[in-house]
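# Structural features, examined
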Amino acid sequence: IITVATPGQLDAIARRRIEQPPLAPDHVEIEVDAVALSYRDILLALGVIPSPESGLPRLGFECCGRIVQAGPQVSGLAAGDDVVALGTGCLATSI
């Protein structure tokens, strides 16, 4: 995942390994194929806007990819389906 250790310092943008939490029953895991880097990501990296979650700011608010697994409460989606997703931390190999 790509994070910003110190917002406002662009050289603080770095790739970091994070442990994926267990898949929630109503969530899906997506293998990311493409990510959009948007103006909002730049503002987050520069420290102009706050991170929407606690911890290090994670870049990438939208992506597309393929579902790897779906929780048991997910309906209408299955492993192998192509999807577009909105969230935080999409600049990663999987979300």
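Read on for an overview of the structure. (Residues numbered from 1 in each chain as written. Predicted model: local features only at pLDDT ≥ 70, side-chain atom pairs only at ≥ 80, totals over all residues. Heavy atoms only, no water.)

## Details of the overall build of the protein
Counting its regular elements, the protein contains 1 helix and 5 strands. Reading the protein from its N terminus to its C terminus gives the helix and strand order β-β-β-α-β-β. Put simply, the protein has 95 residues, and 26% of those count as buried. Restricting the contact set of the protein to residue pairs at least 6 apart, pairs at least 24 apart contribute 67%. When the accessible area of the protein is evaluated, it comes to approximately 5900 Å², of which 55% is carbon and sulfur surface. (Helix = DSSP H or I, 4+ residues; strand = E, 2+ residues; numbered from the N terminus. Buried < 20%, exposed > 50% of the residue type's maximum accessible area, 1.4 Å probe, protein only. Contact = heavy atoms within 4.5 Å. Areas by Shrake-Rupley, 256 points an atom, 1.4 Å probe, with all protein chains shown as cover.)

## Concerning the environment of Leu 59
Looking at the secondary structure, you find Leu 59 in the loop between α1 (39-46) and β4 (62-70). Between the C-alpha atoms of Leu 59 and Pro 72, which are 13 residues apart in sequence, the distance is 28 Å. Those residues in contact with Leu 59, other than ones at most four positions away along the chain, are Ile 2, Val 4, Ile 13, Asp 41, Leu 44, Ala 45, Gly 89, Cys 90 and Leu 91.

## Topic: the pattern of salt bridges
A complete count under the given rule lists 4 salt bridges for this structure. For Asp 33, the salt bridge is made with Arg 66, and the minimal N-O distance between the two is 3.2 Å. Of this pair, Asp 33 sits in strand β3 (residues 28-35) while Arg 66 is found in strand β4, placing the two residues 33 residues apart along the sequence. (Salt bridge = Lys/Arg side-chain N within 4 Å of Asp/Glu carboxyl O.)

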